[in-house]
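Take a look at the letters that make up each chain.
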Amino acid sequence: MAHTARRRGRPELPPEIRLVNEAPIAMRLAPDEKERTQQYAAREGRSLGNFARRVYLKGLAQYEAEQTGAATSAA
């Protein structure tokens, strides 16, 4: 399918970022954390999984930047 094709009103994603066939990773959240996550996801019109992935990717980028900074300062 071309990248402009629509499926359920959304553009088709390039194969390198499609996650449909990937195995999910379970993550435990405290009840208040899950509630806050659901509220933010609803506010942005995203699924819970999509919102959690976006937050994870932002946190991962921050973590990697901190690790790079820590490695630079240790040298």
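Residues numbered from 1 in each chain as written. Predicted model: local features only at pLDDT ≥ 70, side-chain atom pairs only at ≥ 80, totals over all residues. Heavy atoms only, no water.

### Details of the overall build of the chain
Next, step 1: Per the secondary structure count, the chain includes 2 helices and 2 strands.
Next, step 2: Order of helices (α) and strands (β) in the chain, N terminus to C terminus: β-β-α-α.
Next, step 3: Accessible area of the chain: about 7000 Å², with a carbon and sulfur share of 54%. (Helix = DSSP H or I, 4+ residues; strand = E, 2+ residues; numbered from the N terminus. Areas by Shrake-Rupley, 256 points an atom, 1.4 Å probe, with all protein chains shown as cover.)

### Structural notes on the pattern of salt bridges
Next, step 1: By the definition in use, this model includes 1 salt bridge.
Next, step 2: A salt bridge links glutamate 44 to arginine 46; its shortest N-O distance comes to 3.0 Å.
Next, step 3: In this structure glutamate 44 comes out as partly exposed when scored by relative accessible area, which is 45%. (Salt bridge = Lys/Arg side-chain N within 4 Å of Asp/Glu carboxyl O. Buried < 20%, exposed > 50% of the residue type's maximum accessible area, 1.4 Å probe, protein only.)

### A closer look at the side chain of threonine 37
Next, step 1: Tracing the backbone through its elements, the reader meets threonine 37 in helix H1 (residues 31–44).
Next, step 2: Since its relative accessible area comes to 16%, threonine 37 is described here as buried.
Next, step 3: Threonine 37 has contacts with Leu29, Leu48 and Phe51, leaving out every residue within four places of it along the chain. (Contact = heavy atoms within 4.5 Å.)

### Observations concerning the environment of arginine 46
Next, step 1: With respect to the element layout, arginine 46 can be found in the loop between H1 and helix H2 (48–74).
Next, step 2: Arginine 46 gets classed as partly exposed once you look at its relative accessible area, which sits at 29%.
Next, step 3: The contact partners of arginine 46, leaving out residues within four places of it in the chain, are Ala41, Phe51 and Arg54.
Next, step 4: A distance of 3.0 Å separates polar atoms of two side chains, one belonging to arginine 46 and the other to glutamate 44. (Polar contact = N/O pair within 3.5 Å; in protein donor to acceptor, adjacent residues only side chain to side chain.)

### So, the environment of alanine 52
Next, step 1: Here alanine 52 is to be found in helix H2.
Next, step 2: With relative accessibility at 24%, the residue alanine 52 sits in the partly exposed group.
Next, step 3: Sequence-wise, alanine 52 and threonine 37 are 15 residues apart; in three dimensions their C-alpha atoms are separated by 7.4 Å.

### Re H1
Next, step 1: With 14 residues, H1 should cover 20 Å at 1.5 Å per step; its first-to-last C-alpha distance of 20 Å lies within 8% of that length.
Next, step 2: Just downstream of H1, glycine 45 is the residue with a positive phi angle, here 70°. (Expected span 1.5 Å × (residues − 1).)

### Comments concerning the confidence of the model for the chain
Next, step 1: Predicted confidence across the chain gives a mean pLDDT of 82, with 71% of residues reaching 70 or more.
Next, step 2: Within the chain, strand E1 (residues 6–7) has the poorest average pLDDT of any element, 50, and H1 the best, 97.
Next, step 3: Low pLDDT, under 50, characterises residues 1–6; the predicted model gives this stretch 11 contacts beyond four residues in sequence or across chains. (pLDDT = per-residue confidence, 0-100.)

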